[in-house]
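Architecture at a glance
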Amino acid sequence: SGQRQVELALEAKMPNRWCAFRPQYIYGPYTNKRDYLDWFLNRVARNIPMAVPGDAQQPVSLTHCEDVAALLASVIGQEATAANQIFNCGTDKLFSYAEICQAAAKALNP
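First things first, this report covers the structure right here in the doc.

**Observations regarding the overall build of the chain**
- Scanning the chain from terminus to terminus reveals 5 helices and 5 strands.
- Along the chain, helices (α) and strands (β) appear in the sequence α-β-β-α-β-α-α-β-β-α when read from the amino end.
- Its C-alpha radius of gyration of 17 Å places the chain more than 25% over the 13 Å reference for a compact globule of 110 residues.
- Projected onto the principal axes, the alpha-carbon positions of the chain cover approximately 50 × 25 × 25 Å.

**Side note on the nonpolar core**
- Counting 12 residues, the largest nonpolar core is built from Tyr25, Leu37, Phe40, Val44, Ala56, Val60, Leu62, Tyr97, Ala98, Ile100, Cys101 and Ala104.
- For this core, the secondary structure elements donating two or more residues are helix 2 (35–45), strand 3 (59–64) and helix 5 (97–108).
- Top element by residues in this core is helix 5. It accounts for 5 residues.
- Apart from residues lying up to four places away in sequence, Val44 is in contact with Met50, Ala104, Ala105, Leu108 and Asn109.

**Looking at the pattern of salt bridges**
- Evaluated as defined, the whole model comprises 2 salt bridges.
- In this structure, Arg4 and Glu7 form a salt bridge, with 3.3 Å as the shortest nitrogen-oxygen distance. Taken together, the positions of Arg4 and Glu7, both in helix 1 (residues 2–13) and 3 residues apart, correspond to about one turn of that helix.
- The buried category is assigned to Glu7, whose relative accessible area is 2%.

**Considerations on unusual backbone geometry**
- Phi at Asn16 takes a positive value of approximately 60°, unusual for a residue other than glycine.
- Considering the arrangement of structural elements, one finds Asn16 in the loop between helix 1 and strand 1 (20–23).
- Residues other than glycine seldom take positive phi values, yet Asn47 does so here, at roughly 55°.
- Given the relative accessible area of 71%, Asn47 is considered exposed.

Reading the values: rules and limits
- Residues numbered from 1 in each chain as written.
- Predicted model: local features only at pLDDT ≥ 70, side-chain atom pairs only at ≥ 80, totals over all residues.
- Heavy atoms only, no water.
- Helix = DSSP H or I, 4+ residues; strand = E, 2+ residues; numbered from the N terminus.
- Rg over C-alpha atoms; globule rule 2.2 N^0.38 Å.
- Core = buried A, V, L, I, M, F, W, Y, C linked by side-chain atoms within 4.5 Å.
- Buried < 20%, exposed > 50% of the residue type's maximum accessible area, 1.4 Å probe, protein only.
- Contact = heavy atoms within 4.5 Å.
- Salt bridge = Lys/Arg side-chain N within 4 Å of Asp/Glu carboxyl O.

So yeah, pure geometry; function would need other evidence.
Structure follows, in structure tokens:
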């Protein structure tokens with residue numbers, strides 16, 4: 001994927017001086033990745049079908065922006081330990097695409 005290519009390029013140019021964080025879907029105020037979840041709300045608001053992978057049961061991780069910020073901050077002062085690490089940022093609670101679609105519909109049509 002493009003993200004992995006960036007990680008490999010960082011390793012080549014900055015060995016032992018990088019780490020990567022991989023949140024899947026981030027929600028909450030002030031997040032620059034809001035468009036991922038807003039896509040679902042936009043589709044519901046305009047009554048457009050939501051295309052999702054397969055049978056919509058694929059699990060996905062939703063992580064609040066404050067949790068992502070805490071994960072990013074956790075490596076400050078721990079740079080040597082975090083070097084060359086890839087952190088998959090998620091929670092132990094997974095949602096299916098079907099559940100996300102249903103939550104978007106419920107949020108706009110209570």
